[in-house]
Amino acid sequence: MPKITDAIKHLIIINVIMYFAPQLLNLDVTNIFALHYPENENFGIWQYVTHIFMHGSTMHLLFNMYALWAFGTPLEQMWGKNKFIFFYFSAGIGAGLIYTLVNYYQFNGIYEQLIEQGISAIDIKNLLNTGQYNESLITLSNQTMSEFYSLYHTPAVGASGAVYGILVAFGLLFPDAKLALIFFPVPIAAKYFIPIMIASDVFFGVTKYSIGNIAHFAHIGGAIIGFVIAWYWKKNQFKTL
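Let me begin by describing the structure that accompanies this report. No experiment lies behind these values; they were computed from the predicted model shown.

## Thoughts on the nonpolar core
And step 1. Counting residues in each nonpolar core, the largest one holds 38 residues, and the members touching the most others are Leu 68, Trp 79, Phe 84, Phe 87, Tyr 88 and Ile 166.
And step 2. For this core, the secondary structure elements donating two or more residues are α1 (6-24), α4 (58-79), α5 (81-116), α8 (160-173), α9 (190-207) and α10 (216-236).
And step 3. At 10 residues, α8 tops the list of elements feeding residues into this core.
And step 4. Filtering out sequence-adjacent residues up to four positions away, Phe 87 remains in contact with Trp 79, Gly 165, Ile 166, Ala 169, Gly 226, Ile 229, Ala 230 and Trp 233.
And step 5. Ranked by size, the runner-up nonpolar core spans 15 residues in total, among them Ile 110, Ile 124, Met 145 and Tyr 152.

Set out below in structure tokens:
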């Protein structure tokens, strides 16, 4: 087992504190630290950073922290502490930004359809505040309206975007390393394994077949940012800081 490196150790400690401390103190910090839709009253620009340290469940936290340790350790050993921290936050923040852009596109697509049906901006605001609307005036499906409400109100949490950046960087720098999933314990080279994971996120994100409330486009965003940075560093062979 690889020895835990400094940056990863401190990131794990912060994540654990941010998860358990509010529970022990009986505090709900979701509206402060989770990433909300920009037009939501609870949105704050700092949430692009703080949401990386929030998790929705113990298993969510454990999976992300295990992946951070397992795949991030060789990257920090190769790049050094400062570069790894820059990479981690770049992937996490980039994941949040891309996630927001996708949500903005989806939200405004539905918003424009409501406007075209003669629903006023004030009525749409009331709909978003209460979750109630007159079905006789709106021809959109209940599923579409539920998605509209959810895009506005459901915040994103988790280090998954940053972790996906780490996974992509690991696959780029260690393409022949063998990886396996718990439910599919057959070792597959990272250069095949990680693209399959990302392709599944694209599929579930586009088709809406996802099981559970998973921010697939945050995963994709983190993967994109991670790939760009890791590819650039590999090409230019930056020295360790």
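## Overview of the packing of α5 against α10
And step 1. Close contact between α5 and α10 brings their axes to 7 Å; oriented N to C, the two are set at 140°. Classified by the angle between their axes, α5 and α10 sit oblique to one another. Two packed elements cross with a definite hand, and for α5 against α10 that hand is right-handed. Seen from α5, the contacting residues are Lys 83, Phe 86, Phe 87, Ser 90, Ala 91, Gly 94, Ala 95, Ile 98, Tyr 99, Val 102 and Gln 106; seen from α10, they are Phe 217, Ala 218, Gly 221, Gly 222, Ile 224, Ile 225, Gly 226, Ile 229, Ala 230 and Trp 233.
And step 2. Class assignment for the residues of the contact of α5 with α10 results in 14 nonpolar, 6 polar and 1 charged.

## Remarks on empty space enclosed by the protein
And step 1. If you walk through the whole model with that rule in mind, you get 1 cavity of 30 Å³ or more.
And step 2. Forming the boundary of the largest cavity are Leu 35, His 36, Tyr 37, Pro 38, Tyr 99, Thr 100, Asn 103, Leu 151 and Thr 154.
And step 3. Considering every element that reaches the lining of the largest cavity, the biggest residue donor is α5, with 3 residues.
And step 4. Taken together, the residues that form the lining of the largest cavity break down as 5 nonpolar, 4 polar and no charged.

## A closer look at the layout of surface pockets
And step 1. As a volume, the second largest pocket reaches approximately 210 Å³.
And step 2. The biggest single contributor to the lining of the second largest pocket is α1, with 4 residues.
And step 3. Class assignment of the residues belonging to the lining of the second largest pocket gives a composition of 9 nonpolar, 4 polar and 1 charged.

## Some thoughts on helix α7 (residues 142-153)
And step 1. Here α7 contains 12 residues, and its C-alpha end-to-end distance of 16 Å stays within 8% of the 16 Å for a straight helix at 1.5 Å per residue.
And step 2. Of the surrounding elements, those touching the buried residues of α7 are α5 and α6 (121-130).

## A word on the packing of α5 against α8
And step 1. The interhelical angle for the contact between α5 and α8, taken along N-to-C directions, is 120°, at an axis separation of 7 Å. On the basis of their axis angle, the class for α5 and α8 is oblique. In terms of crossing hand, the pair formed by α5 and α8 is right-handed. On α8, the residues touching Phe 84, Phe 87, Tyr 88, Ala 91, Gly 92 and Ala 95 of α5 are Gly 161, Ala 162, Gly 165, Ile 166 and Ala 169.

Analysis parameters
Residues numbered from 1 in each chain as written. Predicted model: local features only at pLDDT ≥ 70, side-chain atom pairs only at ≥ 80, totals over all residues. Heavy atoms only, no water. Core = buried A, V, L, I, M, F, W, Y, C linked by side-chain atoms within 4.5 Å. Buried < 20%, exposed > 50% of the residue type's maximum accessible area, 1.4 Å probe, protein only. Helix = DSSP H or I, 4+ residues; strand = E, 2+ residues; numbered from the N terminus. Contact = heavy atoms within 4.5 Å. Axes fitted to C-alpha atoms, helices over the stretch in contact; angles between N-to-C directions. Parallel < 35°, antiparallel > 145°, perpendicular 65-115°, else oblique. Left-handed = near helix turned anticlockwise from the far one by under 90°. Nonpolar A, V, L, I, M, F, W, Y, C, P; charged D, E, K, R; others polar. 1 Å grid on protein atoms, 1.4 Å probe; cavity = no way out; pocket = protein on both sides within 12 Å on 5 of 7 lines; lining within 4 Å. Points joined across faces, edges and corners; volume = space filled by probe spheres on them. Expected span 1.5 Å × (residues − 1).

Such coordinate-based values are descriptive only and should not be taken to indicate function.
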